[in-house]
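What follows is the residue order along each chain.
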Amino acid sequence: MAIRTEHWWTGCVIYQLMPRSFADSDGDGIGDLAGITSKLPYLRWLGVDAIWLTPIYPSPLKDGGYDITDFTAIHPELGDLADLAELLEQAHHHDIRVILDLVLNHTSLLHPWFQRARWAPSGSVERDFYVWRDDDRSYADAPVLFRHFEDSNWEWDPVAGQYYLHRFLRHQPDLNYDNPAVQEEMLTVVDFWLDRGVDGFRLDAVPFLFERDGTRCEGLPETHAFLRRLRARVDAGGRDVLLIAEAIQPVRESAPYLADDELHAAFDFEITAQLFAALAHGQCGELRHCLMHAQAQVPGCRWALPLRNHDELWLGDGHLVDESVVQTVVNGFPNARGHWLNWGINRRLAPLLNGDPRPNTLLHGLLYSLPGLPCLYYGDELGMGDWPGLRDRDPNRTPMAWTSERNGGFSTAPDPLLVLPPITAPGYDYRVVNVEVQQQLSGSLLNWHHRMLTSRRLLPALRQGGFELLTSRHPSVLCYARVTDGMTVVVAANLGATGASTSLDLGRWSGSRVREVLAGCEFPPASDDWFVYLNAYGFFWWLVGEQGSEASS
Ligand code: GLC
């Protein structure tokens, strides 16, 4: 098979949405696939390249749909396969790709495989679809992940008369990948969705597929071997499909998923944590180090970069980043206090930043210019708020605010039927913070995102260019270049809460024209001691040289 050099997903901007909370087409209070289809023109206008849908499969919804009872069907509340076909067709028509969440590691307790397993004789293939033990002492080094909900990775099943393993909720038994029949079933699931034309998969919780005693049961060689099988299966279809790993691990542990014959992309949650830490203490030394390290491990644009997602802002137990980094973030954001869930901060971006648009745009300005796949969480383009007090991670999963009308235009259903309450908190009320209002205000956050994504489209160096850190003489200022043949974009960002004057070494481009992209204004020609002033949380994208630039046309 010919080796592809161009992929649709190189440097693509991914918009993550929760189908149940995005747009309700039939007035039952629950968002659905037809609702997403109706919003494709908006997403096209916004400027994203792909949408990632959190799980759309039948589920009792004990874990937001990550507890699945049928991998090859669609939850009836969301629609059916015909609705998905329509969504795919319309999305492709709008030049938007569709990525599904694929949960390989576990099922719902109510999945027929589990019901069959618990009644099947011990040692049978059917029983062995899951991981059973006579006691709860195995894999003692594997941390409990949902530590606010569970205190053990094992649960007693009275029917089977054995304990089963669950790395997440007790409602989510882990599949047993040592059983070849499980591997086959899950590869068949992949085939099923590929046949329907999806463009990629976000592979949920990939590190945990296999378990071995004496380890954390994360990213074991057997897990990588299975992922290589999965990749080969996908490649055999001959389509350009994106496989993206969710592995909440330090880069040294997530890099192996990006071996050439394994997955295409992986989230870099270390950079996410370091971005918030850098902002919290106004220093970017560790962030620089972390960026360098990620590029040294896997150069190029294969790291997916989220600021926030549907989970807590994961900081971890000292494994993902040092405990001192965790403390810096926790102490640096007063609005994080009292919102710790499992291993991180259970807040949306805007309220975490206390509604201040400056750090918000700074973080997105970095996201859109660092090497990788920027991931924008639905509603964050508006600075949408959250609903503290809702159960689990629901504070971050409330309905999208479209208009000032009833339920923020999300649904025509009466309030009590809504999947979750729309935001009415002061400062974030949907009557003010919504798409319709912000589209009409040229200075809104939404229009800012639209302009940023438009600029990014015009600058291939940001999409696929090489990355090089440049020397900055100010501890708060991060400076880097993104370079392709014929285009250089230099970025400087001030992570500090006060203004910063500094000089940058642009000696390599000495004498070249420098033009700021976002404001379109001319700066003095580049030099090795190039003075610049950045406002508190300010940043610039400069086009240096301009040969062959699409932006100059
Ligand atoms: C991933 C998902 C999270 C889910 C968990 C178990 O971490 O992001 O929402 O609860 O996997 O499937």
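Calculation rules
Residues numbered from 1 in each chain as written. Predicted model: local features only at pLDDT ≥ 70, side-chain atom pairs only at ≥ 80, totals over all residues. Heavy atoms only, no water. Pairing = 2+ DSSP bridges. Helix = DSSP H or I, 4+ residues; strand = E, 2+ residues; numbered from the N terminus. Contact = heavy atoms within 4.5 Å. Axes fitted to C-alpha atoms, helices over the stretch in contact; angles between N-to-C directions. Near = heavy atom within 4 Å. Polar contact = N/O pair within 3.5 Å; in protein donor to acceptor, adjacent residues only side chain to side chain. Areas by Shrake-Rupley, 256 points an atom, 1.4 Å probe, with all protein chains shown as cover. Nonpolar A, V, L, I, M, F, W, Y, C, P; charged D, E, K, R; others polar. Expected span 1.5 Å × (residues − 1). Buried < 20%, exposed > 50% of the residue type's maximum accessible area, 1.4 Å probe, protein only. Arc of directions from axis to C-beta. Right-handed = clockwise from strand over helix to strand, strands pointing away. Domains from an automatic or database assignment. Phe/Tyr/Trp six-rings, centres within 6.5 Å; stacked < 30°, edge-to-face > 60°. Lys NZ or Arg CZ within 6 Å of the ring centre and 35° of its normal.

A. Spotlight on the sheet that holds strand β22 (residues 539-544). One open sheet holds the six strands; their spatial order is β15-β16-β17-β22-β19-β20, and the pairing between them is antiparallel. Every interior strand has two partners, whereas the edge strands, β15 (466-469) and β20 (522-523), have only one. Where strand β16 (residues 477-484) meets strand β17 (residues 487-494), eight bridges bridge the pair, whose relative direction is antiparallel. Residue pairing in the sheet places Thr-484 in a bridge with Met-487 of β17. Lying on the sheet, helix α13 (residues 357-367) is in contact with β16, β17 and β22; it crosses β22 at an angle near 35°.

B. Seen up close, the site of the ligand. Close to the ligand lie 13 residues; Asp-63, His-106, Asp-204, Glu-246 and Asp-311 are nearest. At 2.6 Å from an oxygen atom of the ligand is found a side-chain nitrogen or oxygen belonging to Asp-63. One of the side-chain nitrogen or oxygen atoms of Asp-311 is found 2.4 Å away from an oxygen atom of the ligand. In isolation the ligand exposes 310 Å². Once the protein is present, 97% of that is buried. Classifying every residue of the shell around the ligand by side-chain character gives three nonpolar, three polar and seven charged.

C. Broad picture of helix α10 (residues 285-297). Taking 1.5 Å per residue, 13 residues should reach 18 Å; α10 reaches 19 Å between its end C-alpha atoms and fits that length. The set of residues buried in α10 consists of Leu-287, Cys-290, Leu-291, Ala-294 and Gln-295. Angular distribution of buried residues about the axis of α10 spans 130°; they occupy a single face of the element. With respect to the buried face of α10, the exposed residues turned more than 90 degrees away are His-289 and Ala-296. In this fold, the buried residues of α10 make contact with α8 (251-254), α9 (269-281), β10 (303-306), β15 and β16.

D. Highlighting the pairing of strand β7 (residues 200-204). Of all five residues making up β7, five are buried, and the element is well covered by its neighbours. Alternating residues of β7 divide into Gly-200, Arg-202 and Asp-204 and Phe-201 and Leu-203, and every residue in both groups is buried. Direction of pairing for strand β3 (residues 97-103) relative to β7: parallel, over a ladder of five bridges. Within β7, the position partnered with Ile-99 by the bridge is Gly-200. When β7 meets strand β8 (residues 242-245), the two strands line up parallel, connected through four bridges. Looking at β8, one finds that Arg-202 is bridged to Ile-244. After leaving β7, the chain enters helix α7 (residues 221-236) and then returns to the sheet as β8, a path that is right-handed.

E. A look at the domain arrangement of the protein. Each assigned domain of the protein is listed with its residue range as follows: domain 1 (14-105 + 179-456), domain 2 (112-165) and domain 3 (470-544). Computed over C-alpha atoms only, the centres of domain 2 and domain 3 are separated by 55 Å.

F. Local environment of the environment of Asp-141. Position of Asp-141 relative to the elements: it lies in the loop between β4 (132-133) and β5 (154-157). Sequence spacing of Asp-141 and Arg-216 is 75 residues, and the spatial spacing of their C-alpha atoms is 5.1 Å. Residue contacts for Asp-141: discarding those within four places in its chain leaves Gly-214, Thr-215 and Arg-216.

G. Geometry of the packing of aromatic side chains. Counting across every chain of the model gives 31 aromatic pairs. Residues Phe-22 and Tyr-378 carry aromatic rings whose centres are separated by 6.3 Å and whose planes lie at 85° to one another, so their mutual orientation is edge-to-face. Residue Phe-22 is found in helix α1 (residues 19-22), and its partner Tyr-378 is found in the loop between β14 (373-377) and α14 (435-440); the two are separated by 356 residues along the sequence. The exposure class assigned to Tyr-378 is buried, which follows from its relative accessible area of 0%. Ring centres of Trp-530 and Trp-542 lie 4.9 Å apart, and the angle between their planes is 85°; this geometry places the pair in the edge-to-face category. A residue pair is termed long-range when its members are at least 10 positions apart, and Trp-530 in strand β21 (residues 530-534) and Trp-542 in strand β22 qualify at twelve residues. Each of the two residues, Trp-530 as well as Trp-542, counts as buried. Directly above the aromatic system of Trp-402 lies the positively charged group of Lys-39, at a separation of 4.1 Å from the ring centroid. One Lys or Arg, Arg-431, reaches over the ring of Tyr-430 and ends 5.4 Å from the middle of that ring.

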